[in-house]
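The primary structure of each chain is shown beneath.
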Amino acid sequence: MIWKRSAVLRFYSVCGLLLQGSQGQFPLTQNVTVVEGGTAILTCRVDQNDNTSLQWSNPAQQTLYFDDKKALRDNRIELVRASWHELSISVSDVSLSDEGQYTCSLFTMPVKTSKAYLTVLGVPEKPQISGFSSPVMEGDLMQLTCKTSGSKPAADIRWFKNDKEIKDVKYLKEEDANRKTFTVSSTLDFRVDRSDDGVAVICRVDHESLNATPQVAMQVLEIHYTPSVKIIPSTPFPQEGQPLILTCESKGKPLPEPVLWTKDGGELPDPDRMVVSGRELNILFLNKTDNGTYRCEATNTIGQSSAEYVLIVHDVPNTLLPTTIIPSLTTATVTTTVAITTSPTTSATTTSVRDPNALAGQTGPDHALIGGIVAVVVFVTLCSIFLLGRYLARHKGTYLTNEAKGAEDAPDADTAIINAEGSQVNAEEKKEYFI
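Residues numbered from 1 in each chain as written. Predicted model: local features only at pLDDT ≥ 70, side-chain atom pairs only at ≥ 80, totals over all residues. Heavy atoms only, no water.

Let me state the cut-off plainly: UniProt positions are given in the numbering used here, feature names are shortened, and annotations may be inferred rather than shown by experiment.
As annotated in an unreviewed UniProt entry, the protein chain is Cell adhesion molecule 2 from Felis catus. According to the UniProt record, the Subcellular location (unreviewed entry) comment for the protein chain reads "Membrane".

See the structure below:
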């Protein structure tokens, strides 16, 4: 009896030790996230283990591995490591159907388990942009739609134009037929102008499965618009006798070619001197008859546009006027030489008119100064004539007074008259004598 009692006590003590040891054993697992098509590693660890078996089961409670023994025939599932402290397996080419809760079991009394959730990310398909038809006319409303499918969770779509993000867009998310992935679309509306021609509009898809490398789709815009025209002269100060080239700079899509040149609303008057080459009008040897309004007109399939240039041909500046001789009624001759400088002068009665096409700081010959000089010359001439007339009148009065010189010594008026008559008689005799 004593022996049996001691044996029973020993048995219970051993069982107590085993139970106490098993209470300190716990399997440890971690959740795993993997991209569809990738490989998932499931690891179960036990810090204290007294040779107790470990097991991995799938969401359907099918045993995958029991210690190092493979239980499910699936070539995608492989053993990574098996020991008393760890059981790790790999699942390759993961699909969305593999997602779920996996169980690691430690066969103690009672059995202890730990759960690990496998999350499978659905990779979004490459986005596609629809709604663009080439070409688009300037001013039209354009609607572009970017769409991608197969993302899990739903992907994010962003729009960019000239590397600048466009915020005002529409976003739509729909669940796919498998009820696991999503189809996402976004719509962009905007009115185009000529500055949009050649611009790249980008649709970018961001998703955690893309490892910070987003997928993009790009659409280059082609916008047709009417021409814009500008005339550029080869010189800002055209002068008589010099050549002039007018360049018609026209931009449009389709490109306008060729351009049409006119003068004052009609054809070019002198084709021999006015040569059109492409977009250039070359005028040889400018003269005053070339003054007028020149028009350049460009046309494409969308419309037409024109620009005008007012040509004013300036005189060649002189440094000295030629000698001017003005005849008078007398035998005297007045000669005036006037030096003219090209520096600008200001007069209270003179208004200077500038060429609108001339650059600031450039002036032509001062015609007001030349007119003033001519007026001075005329004034001097008139003064000379007036002084000469007075001289002749004074000389004539002196001659008539000397004829009556004999009456100065007469004692009375009668004698003075007789002496004066005598003087006239003598004068007649002298005239007869001279004859």
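1. As for the overall build of the protein chain
Our working rule: Working definition: helices are DSSP H or I runs of at least four residues, strands are E runs of at least two. Numbering for both runs from the N terminus. The rule is simple: take the accessible area with a 1.4 Å probe, protein chains only, and divide by the maximum for that residue type; under 20% is buried, over 50% is exposed, in between is partly exposed. Any pair of residues with heavy atoms lying within 4.5 Å of one another is described as a contacting pair. Surface accessibility follows the Shrake-Rupley procedure with a 1.4 Å probe radius. Residue values consider only the protein chains on display as shielding.
Summing up its helical and strand segments, the protein chain has 3 helices and 28 strands in all. Here the protein chain, with 435 residues, has 31% of them falling under the buried criterion. Considering only contacts within the protein chain whose residues lie at least 6 apart along the sequence, 60% involve residues at least 24 apart. Of the roughly 27,700 Å² of accessible surface on the protein chain, a fraction of 55% belongs to carbon and sulfur atoms.

2. Points about the nonpolar core
For clarity, the threshold we go by: Only buried residues count toward a nonpolar core. Its members are Ala, Val, Leu, Ile, Met, Phe, Trp, Tyr and Cys residues joined through side-chain atoms within 4.5 Å.
Within the largest apolar cluster, 22 residues are counted, with the highest numbers of intra-cluster contacts made by L54, W56, I89 and L118. If you list the elements that add at least two residues to this core, you get β2 (32–35), β3 (40–46), β4 (54–57), β5 (63–66), β8 (86–91), β9 (100–106) and β10 (112–121). Examining the composition of this core, we find that 4 residues originate from one element, β3, more than from any other. M274, I283, L286 and Y309 belong to the second-largest nonpolar core, a separate cluster that totals 19 residues.

3. Quick word on the UniProt feature "transmembrane region" (unreviewed entry) in the protein chain
Listed under "transmembrane region" (unreviewed entry) in the UniProt record, and renumbered for this structure, are residues 368–388. Taken end to end, residues 368–388 is 100% helix and 0% strand, and its two terminal C-alpha atoms sit 31 Å from one another.

4. So, the sheet that holds β8
Formally: At least two bridges found by DSSP between two strands is the condition for calling them paired.
Within the open sheet, the 4 strands sit side by side as β1-β3-β8-β7. Their pairing is antiparallel. Each edge of the open sheet is held by one strand with a lone partner, namely β1 (27–28) and β7 (77–82).

5. A short note on the pairing of β10
Where β2 meets β10, 4 bridges bridge the pair, whose relative direction is parallel. Along β10, the bridge assignment pairs V32 with L118. Sheet topology note: the β9/β10 ladder contains 7 bridges and is antiparallel. Bridge pairing in β10 links G100 to L118.

6. Thoughts on a nonpolar patch on the surface
Formally: Patch rule: a residue counts if its relative accessible area is over 30% and it has no salt bridge; like charges are joined within 9 Å, and nonpolar side chains (Val, Leu, Ile, Met, Phe, Trp, Tyr) within 5 Å. Think of a salt bridge as a Lys or Arg side-chain nitrogen and an Asp or Glu carboxyl oxygen that are within 4 Å of each other.
Residues F66, F107 and V111 make up a contiguous nonpolar surface patch of roughly 240 Å² in combined accessible area. The topology assignment puts F66 in strand β5.

7. Section: the environment of V111
Residue placement: V111 occurs in the loop between β9 and β10. Remark: the alpha-carbon pair of V111 and F26, spanning 85 residues in sequence, is separated by 9.8 Å. Filtering out sequence-adjacent residues up to four positions away, V111 remains in contact with S105 and L106.

8. Considering the state of the cysteines
To keep it simple, the criterion reads: In what follows, a disulfide is any cysteine sulfur pair within 2.5 Å.
All told, the structure shown has 3 disulfides when counted by the stated rule. One disulfide in the model links C44 with C104; its S-S distance is 1.8 Å. Taking the torsion about the sulfur-sulfur bond, which here is approximately -75°, the covalent link between C44 and C104 counts as left-handed. With C44 in strand β3 and C104 in strand β9, this pair connects stretches of sequence that are 60 residues apart. For the pair C44 and C104, a shared accessibility class is recorded, and that class is buried. The residue that forms a disulfide with C248 is C296, at a sulfur-sulfur distance of 1.7 Å. With the S-S bond torsion at -75°, the cross-link from C248 to C296 turns out left-handed. Of this pair, C248 sits in strand β21 (residues 244–253) while C296 sits in strand β25 (residues 292–299), and the two are 48 residues apart along the sequence. Indicated for the protein chain is the disulfide connectivity 1-2, 3-4, 5-6, based on numbering the bonded cysteines in sequence order.

9. Some thoughts on the pattern of salt bridges
What the rule picks out here adds up to 22 salt bridges. Between E165 and K167 there is a salt bridge, and its shortest N-O distance comes to 3.4 Å. Several salt bridges share partner residues, and in doing so they unite R158, E165, K167, R204 and D206 into one network.

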